[in-house]
2 protein chains.
Amino acid sequence: MPPLKTDRIYQGDCVEVLAGLPAQSVDVVFADPPYNLQLGGELLRPNNSRVDGVDDAWDRFAGFADYDAFTRAWLAACHRVLKDTGTLWVIGTYHNIFRVGTALQDLGFWVLNDVIWRKTNPMPNFRGTRFTNAHETLVWCAKGPEARYTFNYEAMKALNEGLQMRSDWSLPLCTGGERLKDDGGQKLHPTQKPEALLHRVVLASTNPGDVILDPFLGSGTSAAVAKRLGRRWIGIERDPDYIAAARARVAAVQTVDDPTLLATPRKRAEPRIPFGAVVERGLLPPGTVLTDSGGRWTAKVRADGTLISAEHRGSIHQVGAAVQGAPACNGWTFWHMQTEGTEGLVPIDLLRQRLRQEMVDQGEAPADPAPLPTGGRGGSRSGRGPRRGTRGSAAATLH
Amino acid sequence: MPPLKTDRIYQGDCVEVLAGLPAQSVDVVFADPPYNLQLGGELLRPNNSRVDGVDDAWDRFAGFADYDAFTRAWLAACHRVLKDTGTLWVIGTYHNIFRVGTALQDLGFWVLNDVIWRKTNPMPNFRGTRFTNAHETLVWCAKGPEARYTFNYEAMKALNEGLQMRSDWSLPLCTGGERLKDDGGQKLHPTQKPEALLHRVVLASTNPGDVILDPFLGSGTSAAVAKRLGRRWIGIERDPDYIAAARARVAAVQTVDDPTLLATPRKRAEPRIPFGAVVERGLLPPGTVLTDSGGRWTAKVRADGTLISAEHRGSIHQVGAAVQGAPACNGWTFWHMQTEGTEGLVPIDLLRQRLRQEMVDQGEAPADPAPLPTGGRGGSRSGRGPRRGTRGSAAATLH
DNA sequence: AGAGCTGCTGAATCAGTGG
DNA sequence: ACCACTGATTCAGCAGCTC
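Because the structure is a prediction, the values reported are computed rather than measured. (Residues numbered from 1 in each chain as written. Chains lettered and ligands numbered in written order. Predicted model: local features only at pLDDT ≥ 70, side-chain atom pairs only at ≥ 80, totals over all residues. Heavy atoms only, no water.)

### Quick notes on the overall build of chain A
Inclusion rule: Secondary structure follows DSSP: runs of H or I at least 4 residues long count as helices, runs of E at least 2 residues long count as strands, and numbering of each begins at the N terminus. Accessibility here uses a 1.4 Å probe with only protein chains present; expressed as a share of the type maximum, an area under 20% marks a residue as buried, one over 50% as exposed, and anything in between as partly exposed. Residue contacts are defined here by distance: any two heavy atoms, one from each residue, within 4.5 Å place the two residues in contact. Only the protein chains shown count as covering a residue, and every accessible area follows the Shrake-Rupley method with a 1.4 Å probe.
Within chain A, the regular secondary structure consists of eleven helices and 16 strands. Among the 399 residues that make up chain A, the fraction classed as buried is 55%. Pairs at least 24 residues apart make up 67% of the contacts formed inside chain A by residues separated by at least 6 positions. Summing over all exposed atoms, chain A offers an accessible surface of approximately 16900 Å²; the carbon and sulfur share of this is 52%.

Have a look at this one:
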């Protein structure tokens, strides 16, 4: 078997190409396999425009058995070329990720984390039939339960403003200038991943000079990020058009010698706190009667976080405005609740303040600080106290 | 098979208890199964031969095989007792969720969403060897790809202050006063789930009066929330201590008894009004000219409740689609009429709203048909039997 | 220049009823 | 079973244009 050649794209089926590579020679595999979406007919948006769904031949399988066989084949081939200290990442959705996770566990891989890519700008559910599919799942695993592996704890902590990096990452989709286009101005690849996602993967699980292999290279995101961060890379791809585009893309990338100079774009919107959360968390049971400060109007809290009065129904703001005949109303300060103590009637904004305080106390704010709907909570991290001391080496090899 | 008895806890192994319940009798299953891969006698064993760790690979295979057999057994039992319009929720982590997801797909369940419970206050990773494990995964599925199911889209949207509910939910762990303690002040159950999580599950996928079954009841969170929200419930649990605690817990729960506080009005469930009824009632005389909001297209109202334009003839929807060259069109919101007042051009949907209001005032149809306590109808998408106010009956009562 | 508006798009398993 | 018809349904970000 010849020595490993890196920084190149191999054309062909990944199982066949992998068979030609030396065993135990790769530090990290990042795989974005076909998801087996099983889409039905066409889907229209409310404005009657058509959703450009994934209908490529490479995503069509005869059934779960077919997909499972495909999955086990490429996972086994990756297991062979991985060093014993190597790790493997796979990204997917509920269409395929359970099959992938089961297959890699059966093959002996040892799951270290499942990581959620929380999309800040997902496509909505146009028909109102399900929850907005707003995330994808990455599985990160070592070659076995006893295997050592690389995890750059300090780099991840630094990337998260001094707090441990969590298993949920909020990042936007790959859009705008980063999205590769073909000659006609159409998207070159239907599932191009954002570089910020790969930035985090590469920084977390590899060291400079390590070899990252991507068996489904596509538009070349993993190779581009690997090169930028001073890692070596290997891509495998079947489609000559994708290969040409990826080659040009990677060629244009400049390697940055000092990765600490690179900051991941911090576009991570934190989930808002709607009034429904106050109800859901039991701070205000359904059926509670709210009044305005003068006791002139009343409304009842419903289980879905809306209010209902004698004549109106809607959000705390809508009902507050409606009963007054006003064009607008801040429901948080308009509506009051009766307390047992000496305070008597207090605005429900008190509950929101309490919820925010809990978030600060419990470290809810950290990972992705962003202003709340009204009156941001910037700078609230001061109450969190001193951090633990640093851990040994930044790029530790762990057991 | 005896009829289903609800609002009670059955003691025993869930597969055996489920076998004694009638088929197709449950609306929703919520399951929080054990994921202890050590198989400490708690799980079903298809073969009693336990191999002591002579060979890691074999041991691992035996472990997963046993867990898979256990998973398939209880999932199949749940599939049988579920109504064809029912859905199933399972919660887990990367230790078991891939096995569960694969098993339920193999059994024919159709995944609707995987939902991420993003913990606002997770346990940190003290050794700094991995990402903070800050989430759990729920899988929500119907009995098959063609099955109808209940999803209270509007209630979820209201709970999120007007935005579609996403597949990632940020909620704190169950701590503080909500956490059940034993006599010694220790936590009663190791994995007690927060009520806020179940609140969202129940509100999203059931209607008042529906039956929710939990095959691994534990501390009784699902039963407590089901009772509070006016749903019926069935719990199965093996441990007598957990059962005793859950019984006491549920007994202390007060049901929100006002149905208007529990149900969110659903647009799709409103009585249908044929456009012909608007004409028939004289709200829009034959010959009236309608236009789109931009004044680009016009059409005339005919006595039979159809429209006629320069080139097209048909229903308000058909002509609206035809003039635009669109595949579909909601004629109620597309076509506008000129008013004499200050409002100018208004959509003809205003007439439909006026007609519906008249029907309410005259007792012809309910404004907000409350779901029957027995759960026979009212599912937003469950289609279990005829609805009130269908097109036919509305027309019949109108004239 | 900058604010504001329109239009487009993203791994999507996306309807319900009656004849 | 198929077929026809009604009519309900979207969030964030970016590019390009107008005022």
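Still more to cover.
### Remarks on the pattern of salt bridges
Working definition: two side chains of opposite charge can pair if their charged atoms are close together. Residue and element names in this part refer to chain A. Worth spelling out the cut-off: By salt bridge we mean one thing: a side-chain nitrogen of Lys or Arg within 4 Å of a carboxyl oxygen of Asp or Glu.
Summed over the entire model, instances satisfying the criterion amount to 32 salt bridges over all chains. For Glu 136, the salt bridge is made with Lys 119, and the minimal N-O distance between the two is 2.9 Å. One end of the pair, Glu 136, is in strand S5 (residues 135-142); the other, Lys 119, is in strand S4 (residues 110-119), with 17 residues separating them in the sequence. Lys 119 sits in the buried class, given a relative accessible area of 12%.

### Here we look at the UniProt feature "domain: DNA methylase N-4/N-6" (unreviewed entry) in chain A
Applicable threshold: UniProt positions are given in the numbering used here, feature names are shortened, and annotations may be inferred rather than shown by experiment.
Mapped onto this structure's residue numbering, the UniProt feature "domain: DNA methylase N-4/N-6" (unreviewed entry) falls at residues 26-246 of chain A. Between the end C-alpha atoms of residues 26-246 of chain A the distance is 20 Å, and the span holds 28% helix and 23% strand.

### A look at the sheet that holds strand S1 (residues 8-11) of chain B
Residue and element names in this part refer to chain B. Our working rule: Following DSSP output, two strands are said to pair if at least two bridges run between them. Axes, fitted as lines to C-alpha atoms, cover a helix only where it is in contact. Angles between the N-to-C directions of the axes lie from 0 to 180 degrees.
The sheet built from eight strands is open, its strands ordered S1-S8-S7-S2-S3-S5-S4-S6 with mixed pairing. Looking at the sheet topology across the chains shown, the edges are occupied by S1 and strand S6 (168-171). When strand polarity is set aside, the average angle formed by the axes of neighbouring strands in this sheet is 20°. Here strand S2 (residues 26-31) pairs with strand S7 (residues 211-214) via two bridges, running parallel. Residue pairing in the sheet places Val 28 in a bridge with Ile 212 of S7. Running at roughly 145° to S6, helix H5 (residues 195-205) makes contact with S2, strand S3 (82-92), strand S4 (110-119), strand S5 (135-142), S6 and S7 of the sheet. Set on the sheet, helix H7 (residues 240-251) makes contact with S1 and strand S8 (232-237); between it and S1 the angle comes to about 175°.

### Some remarks on the nonpolar core
Rule in force here: Put simply, buried Ala, Val, Leu, Ile, Met, Phe, Trp, Tyr and Cys residues joined by side-chain atoms within 4.5 Å make one nonpolar core.
Counting residues in each nonpolar core, the largest one holds 64 residues, and the members touching the most others are Leu 18, Leu 88 and Leu 104 of chain A together with Leu 18, Trp 74, Leu 88 and Leu 104 of chain B. When residues in this core are grouped by element, the largest group, seven residues, is from helix H2 (residues 56-81) of chain B. Residues in contact with Leu 18 of chain A, not counting those within four places in the same chain, are Trp 74, Ala 77, Cys 78, Arg 80, Val 81, Leu 213 and Ile 236 of chain A.

### Details of the interface of chain B and chain A
The condition is simple: Buried area is understood as the total, over both parts, of accessible area removed when two parts are fitted together, assessed with a 1.4 Å probe. Counted as a polar contact is a pair of N or O atoms within 3.5 Å, where, for protein atoms, one must be capable of donating a hydrogen and the other of accepting one, and residues adjacent in sequence contribute only when both atoms are in side chains.
Each side of the interface is counted separately: chain B has 78 residues, and chain A has 82 residues. Of the roughly 6800 Å² buried between chain B and chain A on both sides combined, carbon and sulfur atoms contribute 50%. Of all residues in chain B, Phe 98, Phe 131 and Leu 261 of chain B give up the largest surface area on contact with chain A, accounting jointly for 13% of the area buried on that side. Residue Arg 99 of chain A is joined to Asp 106 of chain B by a salt bridge in which the shortest nitrogen-to-oxygen separation is 2.8 Å. Our count for the contact surface shared by chain B and chain A stands at 45 residue pairs in polar contact (both at pLDDT 80 or more). Of all the elements in the fold, those that place two or more residues in the side of chain B that touches chain A are H2, helix H3 (97-106), S4, S5, helix H4 (153-159), S6 and H5 of chain B.

### With respect to the sheet that holds strand S7 (residues 168-171) of chain A
Residue and element names in this part refer to chain A. Spatially, S1-S9-S8-S2-S3-S5-S4-S7 is the arrangement adopted by the eight strands of the open sheet, whose pairing is mixed. On the outer flanks of this sheet lie strand S1 (8-11) and S7, each paired with one strand and no other. Here the strands of the sheet are splayed against their neighbours by 20° on average, with no regard to which way each runs. Both strand S8 (residues 211-214) and strand S9 (residues 232-237) contribute to a ladder of four bridges, which runs parallel. Each residue of the ladder has a partner; that of Ile 212, found in S9, is Trp 233. In the packing of helix H2 (residues 64-81) onto the sheet, the strands contacted are strand S2 (26-31) and strand S3 (82-92), and the crossing angle to S3 comes to about 150°. Of the strands in this sheet, S1 and S9 touch helix H7 (residues 240-251), which is tilted by about 175° from S1.

### Digging into the packing of H5 of chain B against helix H6 (residues 221-228) of chain B
Residue and element names in this part refer to chain B. Our working rule: In what follows, roughly perpendicular refers to angles from 65 to 115 degrees, roughly parallel to angles under 35, roughly antiparallel to angles over 145, and oblique to any angle outside these ranges. For any helix crossing, the convention is left-handed if the near helix is rotated counterclockwise from the far helix by under a right angle, and right-handed if that rotation is clockwise. Residue polarity is assigned by list, with Asp, Glu, Lys and Arg as charged and Ala, Val, Leu, Ile, Met, Phe, Trp, Tyr, Cys and Pro as nonpolar; anything else, Gly included, falls into the polar class.
Axis separation between H5 and H6 bottoms out at 9 Å; the angle between their running directions is 55°. Taken together, H5 and H6 sit at an angle that is classed as oblique. Seen from above, H5 lies across H6 with right-handed handedness. Every residue of H6 that contacts H5 at Glu 195, Leu 198, His 199 and Val 202 is listed here: Thr 221, Ser 222, Ala 224, Val 225 and Arg 228. Of the residues in the contact of H5 with H6, the class split is four nonpolar, three polar and two charged.

### Comments concerning the environment of Asp 210 of chain B
Residues and elements named next belong to chain B. With respect to the helices and strands, the residue Asp 210 is situated in the loop between H5 and S7. When its relative accessible area of 2% is taken as the criterion, Asp 210 is described as buried. The spacing of Asp 210 and Asp 27 is 183 residues in sequence and 5.9 Å in space, taken between C-alpha atoms.

### Some points on the confidence of the model for chain A
Rule in force here: Per residue, pLDDT captures the predictor's confidence, and it can take any value from 0 to 100.
Looking at chain A, the pLDDT average stands at 88 and 86% of residues meet or exceed 70. With pLDDT under 50 throughout, residues 362-399 of chain A is counted as low confidence; its partners more than four residues away or in other chains account for 76 contacts.

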